[in-house]
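Fold and geometry: a report
As a plain string of letters, each chain reads:
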Amino acid sequence: MRTGLIGAVHPATDLAIAAFAERLARGPRMAHGYIRRNLLAAETESLATILELEALHQIRTAFTENHHEAIEAFAEKREPQFRGS
């Protein structure tokens with residue numbers, strides 16, 4: 001289904017992918033890095049190892065400025081403004 005001029009130039013799926021990529025780019029880089037590490041480790045490690053790794057990464061991110069920003073943004077019902085890592 002075409003939604004107008006932009007839809008005629010770029011399929012809607014391309015626009016959705018671009019919007020998702022932009023959202024990821026604005027996200028908390030450190031947390032995204034830990035998520036990636038967890039997913040990669042899940043391919044080869046045991047469940048116990050993955051759970052331990054996940055717990056360690058959650059603890060590390062809990063002390064970041066971005067974590068506190070995420071909590072405040074959630075409470076204030078607004079988009080978080082992440083900075084740095």
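Residues numbered from 1 in each chain as written. Predicted model: local features only at pLDDT ≥ 70, side-chain atom pairs only at ≥ 80, totals over all residues. Heavy atoms only, no water.

Looking at the overall build of the protein chain
- Along its length, the protein chain carries five helices and zero strands.
- Walking the protein chain from its N terminus toward its C terminus, one meets helices and strands in the order α-α-α-α-α.
- Going through the 85 residues of the protein chain one by one, you find that 15% of them count as buried.
- Total accessible area on the protein chain is roughly 7100 Å²; 62% of this is exposed by carbon and sulfur atoms. (Helix = DSSP H or I, 4+ residues; strand = E, 2+ residues; numbered from the N terminus. Buried < 20%, exposed > 50% of the residue type's maximum accessible area, 1.4 Å probe, protein only. Areas by Shrake-Rupley, 256 points an atom, 1.4 Å probe, with all protein chains shown as cover.)

Points about unusual backbone geometry
- Despite not being glycine, K77 shows a phi value in the positive range, around 55°.
- Among the secondary structure elements, K77 is positioned in the segment after α5 (65-75).
- Owing to a relative accessible area of 78%, K77 belongs among the exposed residues under this scheme.

Overview of the confidence of the model for the protein chain
- Scored by pLDDT, the protein chain has a mean of 86; 85% of the residues are at 70 or more.
- The secondary-structure element of the protein chain with the lowest mean pLDDT is helix α1 (residues 5-9), recorded at 55, while helix α4 (residues 47-62) shows the highest, at 96. (pLDDT = per-residue confidence, 0-100.)

Focus: helix α3 (residues 29-42)
- Spanning 14 residues, α3 covers 20 Å between terminal C-alpha atoms, matching the ideal 20 Å at 1.5 Å per step.
- Among all positions of α3, only Y34, N38 and A41 are buried. In an axial view of α3, the angular spread of the buried residues amounts to 70°, which keeps them on one side of the axis. Facing away from the buried surface of α3 by more than 90 degrees, the exposed residues are R29, R36 and L39.
- Looking at the packing, one finds that the buried side of α3 touches α4. (Expected span 1.5 Å × (residues − 1). Arc of directions from axis to C-beta. Contact = heavy atoms within 4.5 Å.)

Some words on the packing of α3 against α4
- Taken N-terminus to C-terminus, the directions of α3 and α4 make an angle of 175°; their axes are 10 Å apart at the nearest point. In terms of their interaxial angle, α3 and α4 are classed as roughly antiparallel. Taking contact as the criterion, the partners of M30, A31, Y34, R37, N38, A41 and A42 in α3 are, on α4, I50, L53, E54, H57, R60 and T61.
- For the contact of α3 with α4, a count of residues per class yields seven nonpolar, three polar and three charged. (Axes fitted to C-alpha atoms, helices over the stretch in contact; angles between N-to-C directions. Parallel < 35°, antiparallel > 145°, perpendicular 65-115°, else oblique. Nonpolar A, V, L, I, M, F, W, Y, C, P; charged D, E, K, R; others polar.)

Quick notes on the side chain of T64
- Within the secondary structure, T64 is located in the loop between α4 and α5.
- For T64, a relative accessible area of 15% translates into the label buried.
- A distance of 3.2 Å separates a polar side-chain atom of T64 from the backbone nitrogen of H67. (Polar contact = N/O pair within 3.5 Å; in protein donor to acceptor, adjacent residues only side chain to side chain.)

So, α5
- Among the residues making up α5, those that are buried are N66, E69 and A73. All buried residues of α5 project into a common sector of 55° when viewed along the axis, lining one side. Turned more than 90 degrees away from the buried face of α5, the exposed residues are F74 and A75.
- Just downstream of α5, K77 is the residue with a positive phi angle, here 55°.

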